[in-house]
Every structure is written in C-alpha cells, then in structure tokens.
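Observations on the model geometry
Here is what each chain is made of, one letter per residue.
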Amino acid sequence: ADWEGTATLASLEEEYEGLSCVLIELELEASGDQEEMERWGGRRGRGGAAGFVGSVSAPLESTYEIELEGRLLFSLEQGRPLLLEIEGDVSTERTMERNSERGDFSMSSTQEGSFTYSAAISLEESEG
C-alpha cells in the first residue's frame, strides 16, 4: 500500500513510566486497487466448482481503504521511542465475474474491521 500520513507534535510534557516524553499524534491512510487472479478447478463433481467446466481464470477486483490514528511517545532524554499505539478501520471490497457455457456469474463482498496495534519499548540491562 502507498501510505499518506501526518505526524503532529502535540505535547512536550507527556509523562510515561516516570519519563518525560514528547507526544506525537499520528494520522495514516491508504487506499487503492489490487487485482488478483483466482483459479476455479473442475474437481468437485460433474461440471466442476459452481458448474464451471475445467479450469477457468478470471480477474478478482479488490479495493481497500485503511484509516488509522495513533500516538508515539518519544523520550528526548533517552533519545528513543517508548510507546506506539495505533488503531482504526480497515475495509476491503471484492468483486468477480465469470463466464462459462452454463451462464454468467458475478459476486461481490465487503469486509470491514478494526485494527489495533500497541508496542511498548523498554531497555533491559545486560548480564555480565
């Protein structure tokens, strides 16, 4: 996906686990078209899957849309990120069309869901 986004410095005085941090708010989005090839085979009884004879290839059109928001806490004192949290919505639409000697077939589906990601970064002391 080709992503577009903005990062905005929201605060210089955020605290996380006793450390002073800067808060960076994130807005990310991606959308586009993806074309895939799908194969239908003829192994499910007479006439093949869904009545298609032999192996038929046809394009499966797929579009996606992703919108995410989040935050990054960065310690200037330690010079490293401490926490990244992102959440948002993801949707995919798919349509396909098939033509065969038995007729035409078309199908479309939409999937929607939520996305959540959280990563806390910490330092461990080495032994020795």
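Structure report, in brief. (Residues numbered from 1 in each chain as written. Predicted model: local features only at pLDDT ≥ 70, side-chain atom pairs only at ≥ 80, totals over all residues. Heavy atoms only, no water.)

Tallying secondary structure elements over the protein chain gives zero helices and five strands in all. What you see in the protein chain, going N to C, is helices and strands ordered as β-β-β-β-β. Residues classed as buried in the protein chain amount to 24% of the 128 residues present. A separation threshold of at least 6 residues defines the contact pool for the protein chain, and within that pool the share at least 24 residues apart is 58%. Roughly 9,600 Å² of accessible area belongs to the protein chain as shown, and the carbon and sulfur atoms make up 43% of that amount. (Helix = DSSP H or I, 4+ residues; strand = E, 2+ residues; numbered from the N terminus. Buried < 20%, exposed > 50% of the residue type's maximum accessible area, 1.4 Å probe, protein only. Contact = heavy atoms within 4.5 Å. Areas by Shrake-Rupley, 256 points an atom, 1.4 Å probe, with all protein chains shown as cover.)

Here R80 is to be found in strand β4 (residues 80-100). As a buried residue without a salt bridge, R80 has its nearest oppositely charged side chain in E17, at a separation of 6.9 Å. A polar contact of 2.7 Å, which involves the side chain of R80, links it to the side chain of Q78. Those residues within four positions of R80 in sequence are excluded, and the remaining contacts are F74, S75, I121, S122 and L123. (Lys, Arg positive; Asp, Glu negative; His and termini not counted. Salt bridge = Lys/Arg side-chain N within 4 Å of Asp/Glu carboxyl O. Polar contact = N/O pair within 3.5 Å; in protein donor to acceptor, adjacent residues only side chain to side chain.)

With that settled, consider the pattern of salt bridges. Tallied over the entire structure, the rule returns one salt bridge. A salt bridge links E85 to R71; the shortest N-O distance between them is 2.7 Å. A residue pair is termed long-range when its members are at least 10 positions apart, and E85 in strand β4 and R71 in strand β3 (residues 56-75) qualify at 14 residues. For E85, a relative accessible area of 29% translates into the label partly exposed.

Right, let's get into the pairing of strand β5 (residues 103-120). Here β4 pairs with β5 via 18 bridges, running antiparallel. Within the sheet, the bridge partner assigned to G88 lies in β5 and is F115. Here β4 folds back onto β5, and the loop between the two strands holds two residues. (Pairing = 2+ DSSP bridges.)

One finds Y16, L19, C21, L23, L73, L82 and L83 forming the largest nonpolar core, which totals seven residues. Those elements that provide at least two residues to this core are β2 (19-40) and β4. Here this core gets three residues from one element, more than from any other, and that element is β2. If sequence neighbours within four positions are ignored, L19 has contacts with E14, Q78 and L82. (Core = buried A, V, L, I, M, F, W, Y, C linked by side-chain atoms within 4.5 Å.)

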